[in-house]
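Chain and residue survey
So the chains spell out like this:
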Amino acid sequence: PEDIARFFLDNERIDKGALGEFLGEADPENIAIMHAFVDLMDFTKTRFVDALRRFLQSFRLPGEAQKIDRFMLKYAERYMTGNPNAFANADTAYVLSYSVIMLNVDQHSKKMKGPRMTPEDFIKNNRGINDNQNLPDDYLRGIFDEIAHKEIVLETEQEAAADKGIIQTQQPGGLAAVGQALIGGGRDLQRE
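In this report, we go over the structure that sits alongside the text. Since the structure is predicted, the reported quantities are computational estimates derived from the model, not experimental observations.

**Considering the packing of aromatic side chains**
- All told, the structure shown has 17 aromatic pairs when counted by the stated rule.
- Between Phe48 and Phe87, the ring centres sit 5.5 Å apart and the planes meet at 85°, which makes this aromatic pair edge-to-face. One end of the pair, Phe48, is in helix H4 (residues 48–57); the other, Phe87, is in the loop between helix H5 (65–82) and helix H6 (90–108), and 39 residues separate them in sequence. In terms of burial, Phe48 and Phe87 fall into one category: buried.
- Both rings, one in Phe87 and one in Tyr139, keep their centres 6.3 Å apart while their planes meet at 65°; by these two values the pair is edge-to-face. Taken as a pair, Phe87 in the loop between H5 and H6 and Tyr139 in helix H8 (residues 137–149) lie far apart in primary sequence, 52 residues in all.
- Taking the relative accessible area as the measure of exposure, Tyr139 reaches 32% and is therefore partly exposed.
- Joined through ring pairs, the aromatic side chains of Phe37, Phe43, Phe48, Phe55, Phe59, Phe71, Tyr75, Tyr79, Phe87 and Tyr139 make up one cluster.

Set out below in structure tokens:
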């Protein structure tokens, strides 16, 4: 798994969508490769959103909720390995990563109807996630502002759109599809 993971991480020619689908599969071999893939990343002393952005540049997050779940669980564990004092535990990083992905969809998807999330909504949505304690409001407001002003999107897709002369603010099938999978799946995201 480690050799395959290194090949995937180091090879720029691999289709990031296909890679995300492959790494997200539930087969034990795929899971072992995905874990090795994430373990090759070093998030030591890296801000949470910066680490999440870097993580999500290495593959396209699939749209299936179970695959997303496996990725976010491993990301949270890996983030906490490099930043053991960032949060009370890896569950906090897991919930916050989901919350940031949903915020990204809310702020940048043209498919979202109705009012957009406010900083206060984002803070409220993340109450008690740090082992039943609140993360500082200023910290969460900072995350909100950063995501609201700079979408998380694959750089390769931005470059491809620019090369074709297409200006895209949301990539079809990207994090917008992820959000639709999570929202449409009848899942209780606050509880999770």
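**Brief notes about the nonpolar core**
- Counting 45 residues, the largest nonpolar core has Phe55, Met72 and Leu96 as the members making the most contacts within it.
- Within the residue set of this core, elements represented by two or more residues are helix H1 (2–10), helix H2 (16–24), helix H3 (28–39), H4, H5, H6, helix H7 (119–125) and H8.
- For this core, the element with the most residues is H6, which contributes eight residues.
- Those residues in contact with Leu96, other than ones at most four positions away along the chain, are Phe48, Phe87, Phe122, Asn126, Ile129, Leu135, Tyr139, Leu140 and Ile143.

**Quick notes on the packing of H4 against H5**
- Relative to each other, H4 and H5 sit at 130°, their axes nearing to 11 Å. Put simply, H4 runs oblique to H5. In this structure, the crossing between H4 and H5 has a hand that is right-handed. Every residue of H5 that contacts H4 at Phe48, Ala51, Leu52, Phe55 and Leu56 is listed here: Phe71, Met72, Tyr75 and Tyr79.
- Across the contact of H4 with H5, the residue classes tally to nine nonpolar, no polar and no charged.

**Thoughts on H5**
- Taking 1.5 Å of rise per residue, the 18 residues of H5 would be expected to cover 26 Å, and the 26 Å separating its terminal C-alpha atoms lies within 8% of that figure.
- The element H5 is extensively covered by neighbouring structure, given that 13 of its 18 residues are classed as buried.

**With respect to H3**
- Spanning 12 residues, H3 covers 16 Å between terminal C-alpha atoms, matching the ideal 16 Å at 1.5 Å per step.
- Inspection of H3 places Asn30, Ile33, Met34, Ala36, Phe37 and Val38 among the buried residues, and these make up the whole buried set.
- In the core, the buried residues of H3 are packed alongside H1, H2, H4 and H5.

**Some details on the environment of Glu120**
- By the secondary structure assignment, Glu120 is in helix H7.
- Judged by its relative accessible area of 47%, Glu120 is partly exposed.
- Separated by 20 residues in the primary sequence, Glu120 and Leu140 have C-alpha atoms spaced 9.2 Å apart.

**Points about the packing of H1 against H3**
- Where H1 contacts H3, the two axes come as close as 8 Å, and the packing angle between them is 60°. Taken together, the axes of H1 and H3 are oblique relative to one another. Crossing of H1 against H3: the hand is right-handed. Here Glu2, Ile4, Ala5, Phe8 and Leu9 of H1 come into contact with H3, specifically with Ile33, Ala36 and Phe37.

Each value, and the rule that gives it
Residues numbered from 1 in each chain as written. Predicted model: local features only at pLDDT ≥ 70, side-chain atom pairs only at ≥ 80, totals over all residues. Heavy atoms only, no water. Phe/Tyr/Trp six-rings, centres within 6.5 Å; stacked < 30°, edge-to-face > 60°. Helix = DSSP H or I, 4+ residues; strand = E, 2+ residues; numbered from the N terminus. Buried < 20%, exposed > 50% of the residue type's maximum accessible area, 1.4 Å probe, protein only. Core = buried A, V, L, I, M, F, W, Y, C linked by side-chain atoms within 4.5 Å. Contact = heavy atoms within 4.5 Å. Axes fitted to C-alpha atoms, helices over the stretch in contact; angles between N-to-C directions. Parallel < 35°, antiparallel > 145°, perpendicular 65-115°, else oblique. Left-handed = near helix turned anticlockwise from the far one by under 90°. Nonpolar A, V, L, I, M, F, W, Y, C, P; charged D, E, K, R; others polar. Expected span 1.5 Å × (residues − 1).

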